[in-house]
Amino acid sequence: MHADIKSKSQVHSFENLSRFEDGITHFVSTRNGGVSLNEYSSLNLGLNQADIPLNVFQNREIIAKTVGIDSTSFVFARQVHSTNVARAFESDRGRGLYSRVTAFPFTDAMVTNSKQVCLITLAADCVPILFYDPLKRAIGVAHAGWKGTVLKISQFVVNSFLEEFGSNPEDLIVGIGPSAGPCCYEIGKEVAEEVILAFGENNNVLKPAEKPDKFILDLWEANRITLISSGVIDENIETSHRCTICENHEFFSARKGDKGRFGAGIMLL
């Protein structure tokens, strides 16, 4: 439980999800091994910044080849720190691959039970979360920055599994990916007040920082608490424990000035 993700070339994988490799493929990409330059160096998968689009397209092809799937399976969303969950179908394959215009609009989570549809969430300090129901054969992804975490987007995804596929939350296997960690993620008083409203005064996700009126937020624990309160079994949740700020050589970090985005994806075979 909570074992670190294991390295595999330009991508990482979760140990709990890897047990189902006959049914799914999944990955968390690094920032290395791509063609983008400067603050996008080098495996930037995001089109929402000012990187050269052709470089992003090539980076996405690199990831597809590394994972062993067709890039036209990829499905992207225009992430806006919401609780909107979109259901993807086979006809949605390729959405957002070459243009943000075709991505799911105003969406921070996606679910599907269609094969060969690779749902991808992008991040650079926010938390990428992967979901799999091996019984109902359905998958999902979520993007949880502090706003999505406070809004409890993980709960919305679990509810979508229940409503769309009849899933039992106890069957869900979840991977909480690299993000700004509790070692480094400093927030201000206003954000801390939002966290307290969401998780209560006595919580395990917030502690005072050394600076006055500053706090340290544990995004991993906050999302784990939300998942458990939504019915997911603790033993089915794996946290990568990889901080994008500490490990800026491995992952993009907006706090460190990066403009690029790494991705976490999952697909039914």
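Below you will find a few notes about this structure. Predicted model, so just to flag it, every value in this text is computed and none were measured.

Conventions we followed
- Residues numbered from 1 in each chain as written.
- Predicted model: local features only at pLDDT ≥ 70, side-chain atom pairs only at ≥ 80, totals over all residues.
- Heavy atoms only, no water.
- Helix = DSSP H or I, 4+ residues; strand = E, 2+ residues; numbered from the N terminus.
- Rg over C-alpha atoms; globule rule 2.2 N^0.38 Å.
- Buried < 20%, exposed > 50% of the residue type's maximum accessible area, 1.4 Å probe, protein only.
- Contact = heavy atoms within 4.5 Å.
- Areas by Shrake-Rupley, 256 points an atom, 1.4 Å probe, with all protein chains shown as cover.
- Lys, Arg positive; Asp, Glu negative; His and termini not counted.
- Charge placed at Lys NZ, Arg CZ, Asp CG, Glu CD.
- Core = buried A, V, L, I, M, F, W, Y, C linked by side-chain atoms within 4.5 Å.

1. Examining the overall build of the chain
(1) Moving on: From N to C terminus, the chain includes six helices and 15 strands.
(2) Moving on: For 269 residues, the compact-globule estimate of 2.2 N^0.38 gives 18 Å, and the chain sits close to it at 17 Å.
(3) Moving on: The principal-axis extents of the C-alpha atoms in the chain amount to approximately 50 × 45 × 30 Å.
(4) Moving on: Taking all 269 residues of the chain together, the buried fraction comes to 57%.
(5) Moving on: Look at the contacts in the chain between residues 6 or more apart in sequence, and 68% of them connect residues 24 or more apart.
(6) Moving on: Summed over all atoms, the accessible surface of the chain reaches about 11200 Å², with 48% contributed by carbon and sulfur.
(7) Moving on: Where the 26 positive side-chain charges of the chain centre and where its 32 negative ones centre are 5 Å apart.

2. Examining the nonpolar core
(1) Moving on: Grouped together as the largest cluster of nonpolar side chains are 35 residues, with contacts concentrated most on Phe 131, Phe 161, Val 174, Ile 187, Val 195, Leu 217 and Leu 227.
(2) Moving on: Mapped by element, the contributors of at least two residues to this core are strand E6 (109-112), strand E8 (127-133), strand E9 (138-144), helix H4 (153-165), strand E10 (173-176), helix H5 (189-199) and helix H6 (219-229).
(3) Moving on: Take this core: its biggest share by element is five residues, from H4.
(4) Moving on: Every residue in contact with Ile 187, bar those within four places of it in the chain, is listed here: Ala 192, Val 195, Leu 206, Asp 213, Lys 214, Phe 215 and Leu 217.

Distances and angles like these do not, on their own, reveal function.
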